[in-house]
Amino acid sequence: MGIGKWFVALVAMVSGLVITSPARAAFSVTASGGPTTATAGAHSDVKINLGFPDSGQDLKRLVIHLPKGLVGNPNATTTRCSEASFNANNCTTAQQVGEVTSQATALGLPITIPGDIYNLTPRGGEPARLGIHLTPPLGASEIHLQAVISLRADYGLDNVIETDIPRTTVVPLLGTQDIYLSSMAMTLYAKTSTGGVFMTNPTECGTHTFSVDAASWAAPTAWKTGSGSFTINGCNRAPFSPTFAIAPNQQTGDQPTDVSVTIGFPGDAGGLSQSNLKSAEVVLPVGTALSPGVGANGLEACSDGQFAINSTGTPACPGLSKVGTVKFDTPLLGTLNGDVFLGAPTPGAPLRLFAFATKGDVTVKLAGRVTPDPSTGQLTTSFSDLPRVPFTAFTLSFRGGDAAVLKAPPTCGTNTATAKLEPYANPGTFKTVNASFTTVNCPSGAFAPSLSASVAPTQAAANSAMTMTIARGDDQPLLDGMKVSLPPGALGHLASIPGCAVETARAGNCPEASRVGTVTAVAGTGGAPASLVGPIYLTGPVGDGLAGLAVVVPAKVGPIDLGNVVVLTKLSVRPDVGIDVTATDLPRIAGGVPLAIRSMKLALDRDGFLFNASSCAARTIDATFTAQNGATAAASAPYQPTGCENVPFGPKLTATIGGSFDAPSLSTTIEAPPGQATLSGVQLTLPVQLGADLGALAKVCMKETYDAGQCPPVSRIGTATAISPLIPLPLSGPVTLLRLPGRALPSLAIDLAGVLNVHLQADNDSAGGRLRSTVAGIPDVPLSSFTLNLDSGGLLKSDRKMLCTGIPKVDAAFTAHTGARTTTSAVADTPCAGGLSKLTATGSLRGAGKGRTPSLRVKVRGTKLRSLRVTLPKQLRLSTKRLKRGGRVYQAGKAVSRKTKKGKRALRHTKRSVTGWTTKKHTGSIELRLAKGALRKGKGLKAGKRLTLKLRVTDSAGRSRSLNLRIKAKR
């Protein structure tokens, strides 16, 4: 930068004149002057006139503050005078850069003291030093003063003479005499005797003010100030011919790269200096963008306090905030080198740059900002209010390597950057210049992302955690969308986790209660992409899906925080009840930074969320991918649970026959305890008492009509309901009588609908004179219960005699997805007269208060009763060790012996239920009493709480009936 222009401070040297004597008015200083030519950028003599009114106080110290933009060039002379030569009066005319004339009083007479100003060799890191050689008349001793030129924080120049300015001189024959200085006029030359340009006017039009601080010997710390001003015009004549270059001129496509931009200025034009640069805005080509790998080796930010832009001191920025270098080339001082730091973000400016360059005692500090286009990532770097000093080149370089700040465009060819530059001479007008470079060796790999997956544990039907990793090579096209298809049976407990609202998920603000896993995304090009870790949340339905996953990636590298990148995926259900996870329009950019996702590791590891399929068959997790250029690819990963032989399987069956005797209804319920293998097939053989009504054939719906969804209402002969622990609401729908080609009896189409749809088919045939229904191909989905209701007047027929003769028993054969098989039977409740036709149940629960032990009584009245089973709610727990002493069965009001005649216990139990058996087949009532510690308090038991007991009563014929009993807990 034209720091050399600081030499205008030569004016300070005038203060080298001698001092004052008698006391008069208060000490003060006046100033006036300016360039002799007022044209902007002109090389003009500069005159500075200083006055020291008659105060009787001698001048001791003097500092002249030149206005910003008025500069001198210390390289204007071919050589500089050394201090030794200056003190010996041996400086040459070629080293002279100005002259000075002072008015003083000596011996009571006014005298004029002429002098010359020389360009001296500076000390240490000083930008420049001037020498003032004063020659008093009458052969008085010569005076040598030196002025140090320094650069202020606002880049104006100060001429500082803070040595003791002499106030006496030695006159031949007269000895030492006082000299009182009243004024001085100094002239700094436009050019030296050898033609070198020394002084240059500001290139900014308008009024420019300079000031002078002076102090006397009498009060050396009491500074007095005077000021003057001058006007610059003709800014329309000031040349402004900037150049712009960018390097390297060849860059590897889509890879991290070092980048340097240089703004330069040629020399004078038409005898005038180039206008100083007021602001610069550099727009890099689309595709040159911030590289996510910038923090690969660590990245910190430099705070405003650490940089201290208004100080000339060295910044205290942390080493990890350095992102590049800066260089100023000026004919005045040569080259100033320095560093570029990442500035701490502020509201509205997340990306800032601090540039610091130094040479000796001269420092330059600049603050700029980088603005990425939020849609394209195109970068605009801007600096404003630049120093009013000339320079031939300003170079800003960003580091390269894997941790480079920038990456090259992804496509090969010529790329053009633009610089929009504003001169001080004509603010508000801009000059636009371009620079170009080429990209080569661009990515050309085929689009072939990979998929890997694992589950732990692999135990079939067990809760598990799944990890999937999707990756693509750095040379492959970018991902745009994907669909991952999980195998049937690999599902999640959607009902057990509160889903995050979709709009809340879009903002990345889901609660921790909805979190189901973690994502690790690797983004960026080159050898050190950024690794970003964030949460995965379960959400409500996304689009037409069953639910969704919100994958939230915090786009934060060191202090650069671009907010959250949220990918919403849709969870949808296939006909086989397998889950598809679909993500479309994957984010390409975050806060103006292209993401270039290399891999995503999705760990769904919330305890109790996922579980394995019941089948141990070898299957695959399949994925299809779409690239941003439209290319498609597929990949798969193996999936195979193990340990199917260890999964329990024992569904329970209950049945109830209702309706009329001639046209009975039938309700069958299959219940599966938690943790068991899932059903793949069911075969129900109905009681011999029930037959198929041939008249129902008139109600059948033909297959083609069913497929078209146009079956008449008469074809709907029942309903079905399925309850799964996976989903919050039951699935239910109609049962349709369906005619299929090649089958003698009509089949049943079972359509379950809800948050997902399941279609089942039951084929009917005859086995040993009994009607048999077979359902195959049940999806690998856990079911708490499945109930099939066949309406009265639908498919079945009977009569009173048939229905009330013998025990109506439903036989069932179950097949699991593990391959296990089991059979069971259930005696159906019927509408026949008997022990179960009219039942009444009563009960009481006491001891629910604090510190008390609960006791329970349940009594059922009817005829020919055989047993009573009571299933307890969660608020009550059995103490099996004390059940033998505290539990008792009563029939017809009398206690039953603890063992029946056949030696079996009258009171039997499971983990959650107690069954009491009578010793006779014909009794009018059964009562269970549990006391003396046989019961313990469970979760939530308190006085006033209403509980539901599930009862199962069996009569002497083996028929059973279920009913619920509501009781109120008492203290």
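Every value quoted in this text rests on a predicted model; they were computed, and no experiment measured them.

Reading the values: rules and limits
Residues numbered from 1 in each chain as written. Predicted model: local features only at pLDDT ≥ 70, side-chain atom pairs only at ≥ 80, totals over all residues. Heavy atoms only, no water. Helix = DSSP H or I, 4+ residues; strand = E, 2+ residues; numbered from the N terminus. Rg over C-alpha atoms; globule rule 2.2 N^0.38 Å. Buried < 20%, exposed > 50% of the residue type's maximum accessible area, 1.4 Å probe, protein only. Contact = heavy atoms within 4.5 Å. Areas by Shrake-Rupley, 256 points an atom, 1.4 Å probe, with all protein chains shown as cover. Lys, Arg positive; Asp, Glu negative; His and termini not counted. Charge placed at Lys NZ, Arg CZ, Asp CG, Glu CD. Polar contact = N/O pair within 3.5 Å; in protein donor to acceptor, adjacent residues only side chain to side chain. Patch = residues over 30% accessible without salt bridge, like charges linked within 9 Å, V, L, I, M, F, W, Y side chains within 5 Å. Salt bridge = Lys/Arg side-chain N within 4 Å of Asp/Glu carboxyl O. Pairing = 2+ DSSP bridges. Core = buried A, V, L, I, M, F, W, Y, C linked by side-chain atoms within 4.5 Å. Phe/Tyr/Trp six-rings, centres within 6.5 Å; stacked < 30°, edge-to-face > 60°. Disulfide = S-S within 2.5 Å.

Trainee: Hey, could you run me through the overall build of the protein in this one?
Mentor: Within the protein, the secondary structure is distributed over six helices and 70 strands. Over its C-alpha atoms the protein spans a radius of gyration of 49 Å, topping by over 25% the 30 Å that the globule rule assigns to 971 residues. Seen along its three principal axes, the alpha-carbon backbone of the protein occupies a region of about 160 × 65 × 45 Å. Here the protein holds 971 residues, and 53% of them are scored as buried. Within the protein, counting contacts between residues at least 6 apart in sequence, those at least 24 apart form 69% of the total. Summed over its atoms, the accessible surface of the protein is roughly 39,800 Å², and 52% of this surface lies on carbon and sulfur atoms. The centroid of the 96 positive side-chain charges in the protein is displaced by 28 Å from the centroid of its 57 negative side-chain charges.

Trainee: Looking at this structure, I do not really get the environment of S747. What am I missing?
Mentor: Looking at where S747 falls in the secondary structure, it is placed in strand β52 (residues 747-752). Separated by 355 residues in sequence, S747 and T392 have C-alpha atoms that sit 92 Å apart. The residues touching S747, leaving out its near neighbours within four places in the chain, are T736, L737, L738, L740, Q761, A762, D763 and N764. Side chain to side chain, S747 and D763 meet in a polar contact 2.8 Å long.

Trainee: Hey, could you run me through a positive patch on the surface in this one?
Mentor: The grouping of R846, R852, R857, K874, K939, K942, K945, R946, R966, K968, K970 and R971 at the surface amounts to a positive patch. For K939, the location among the structural elements is in the loop between β68 (935-937) and β69 (946-955).

Trainee: Sorry, what's going on with the sheet that holds strand β67 (residues 925-930) here?
Mentor: Working definition: the strands of a sheet are paired by backbone hydrogen bonds and lie parallel or antiparallel to each other. If you walk across this open sheet you meet the five strands as β59-β60-β67-β63-β64, and the pairing is antiparallel. In this open sheet, the two strands that pair with only one neighbour each are β59 (840-846) and β64 (894-895). Across seven bridges, β59 lies against strand β60 (residues 855-861) in antiparallel orientation. Bridging from a neighbouring strand, L845 pairs with L856 of β60.

Trainee: Is there a simple way to think about the nonpolar core in this case?
Mentor: Soluble globular proteins tend to bury their nonpolar side chains together. Within the largest apolar cluster, 202 residues are counted, with the highest numbers of intra-cluster contacts made by L50, F244, L277, L366, L396, L538 and I750. Per-element tally for this core: the top contributor is strand β36 (residues 547-557), with six residues. If we ignore the near neighbours within four places in the chain, the residues touching L50 are T30, A31, L62, I64, S182, S183, M184 and V212. With 32 residues, the next largest nonpolar core counts L839, V858, V870 and L930 among its residues.

Trainee: Would you mind showing me how to read the packing of aromatic side chains here?
Mentor: In this description, an aromatic ring pair is defined by two values, namely the gap between the centres and the angle between the planes. Applying the stated criterion across every chain yields a total of seven aromatic pairs. Plain terms: the ring middles of F240 and F265 are 5.5 Å apart, the flat faces sit at 45 degrees to each other, and that makes the pair tilted. Of this pair, F240 sits in the loop between β14 (224-232) and β15 (243-247) while F265 is found in the loop between β18 (259-264) and β19 (277-283), placing the two residues 25 residues apart along the sequence. Grouping residues by exposure puts F240 and F265 together as buried. A ring pair is formed by F328 and F391, whose centres lie 6.5 Å apart and whose planes are at 75 degrees; its orientation type is edge-to-face. With a gap of 63 residues between them, F328 in strand β21 (residues 322-330) and F391 in the loop between β25 (379-383) and β26 (393-398) connect regions that are remote in the sequence. Per residue, the accessibility class of F328 equals that of F391, and both read buried.

Trainee: Sorry if this is basic, but what is going on with unusual backbone geometry here?
Mentor: Residues apart from glycine generally show negative phi values, whereas peptide bonds are mostly found in trans. A cis geometry characterises the amide bond from A247 onward to P248, with omega recorded as -5 degrees. Of the consecutive residues A456 and P457, the connecting peptide bond is found in the cis state with omega at -5 degrees. Position of P457 among the secondary structure elements: in the loop between β30 (450-456) and β31 (463-471). Positive phi, close to 60 degrees, is recorded for N89, a residue that is not glycine. As for its position among the elements, N89 is in the loop between α1 (83-87) and β5 (96-106). On the basis of relative accessibility, which here comes to 34%, the residue N89 falls in the partly exposed class. A positive phi is found at A892, a non-glycine position, where the angle reads about 50 degrees. If you trace the backbone, A892 turns up in the loop between β63 (887-891) and β64.

Trainee: Would you explain the pattern of salt bridges in this entry?
Mentor: When the charged atoms of two side chains lie near each other, side chains of opposite charge can form a pair. Counting across every chain of the model gives 21 salt bridges. Of the charged contacts in the structure, one is a salt bridge between R167 and D58, with a shortest N-O distance of 3.7 Å. Remark: D58 occurs in the loop between β2 (46-51) and β3 (59-65) and R167 occurs in the loop between β9 (157-161) and β10 (168-171); sequence separation between them is 109 residues. Given a relative accessible area of 9%, D58 falls into the buried group. Where E126 meets R129, a salt bridge forms, and the shortest distance between an N and an O atom there is 2.6 Å. This pair shows no difference in class: E126 is buried, exactly as R129 is. Overlapping salt bridges bring together R152, D154 and D158 as one network.

Trainee: What am I meant to see in the state of the cysteines here?
Mentor: The bond known as a disulfide is covalent and runs between the sulfur atoms of two cysteines. By the definition in use, this model includes seven disulfides. Here C616 engages in a disulfide with C644; their sulfurs sit 2.0 Å apart. Between C616 and C644 the disulfide shows an S-S torsion of about 110 degrees. By sign, it is right-handed. Here the residue C616 occupies a position in the loop between β42 (610-611) and β43 (619-627), and C644 occupies one in the loop between β44 (632-639) and β45 (652-659), the gap between them amounting to 28 residues. Looking at C616, the relative accessible area reads 21%, which means it is partly exposed. Overall, the relative accessible area of 10% leaves C644 in the buried class. Through a disulfide, C701 is tied to C711; the S-S separation comes to 1.9 Å. Measuring handedness by torsion sign, the sulfur bridge of C701 and C711 sits at about -80 degrees and is left-handed.

Trainee: Just checking my understanding: could you explain the side chain of D580 for this structure?
Mentor: Residue placement: D580 occurs in strand β38 (residues 579-583). The exposure class assigned to D580 is buried, which follows from its relative accessible area of 8%. One polar contact links D580 to R574, side chain to side chain, over a distance of 2.7 Å. In contact with D580, not counting residues within four places along its chain, are K483, V484, S485, K570, L571, S572 and R574.

Trainee: Whenever I open this one, the sheet that holds strand β27 (residues 406-407) confuses me. Can you help?
Mentor: With antiparallel pairing, the three strands of this open sheet are ordered in space as β17-β27-β20. Each having just a single partner strand, β17 (256-257) and β20 (289-290) make up the two edges of the open sheet. As paired strands, β17 and β27 are joined by two bridges and run antiparallel to one another. Pairing of P256 across the sheet is with K407, part of β27.

Trainee: Looking at this structure, how should I read a nonpolar patch on the surface?
Mentor: A contiguous nonpolar patch, built from L107, L109, L138, L173 and L174 and spanning about 590 Å² of accessible area, is present on the exposed surface. Tracing the sequence through the fold places L138 in the loop between β7 (128-134) and β8 (143-151). Given the relative accessible area of 63%, L138 is considered exposed.

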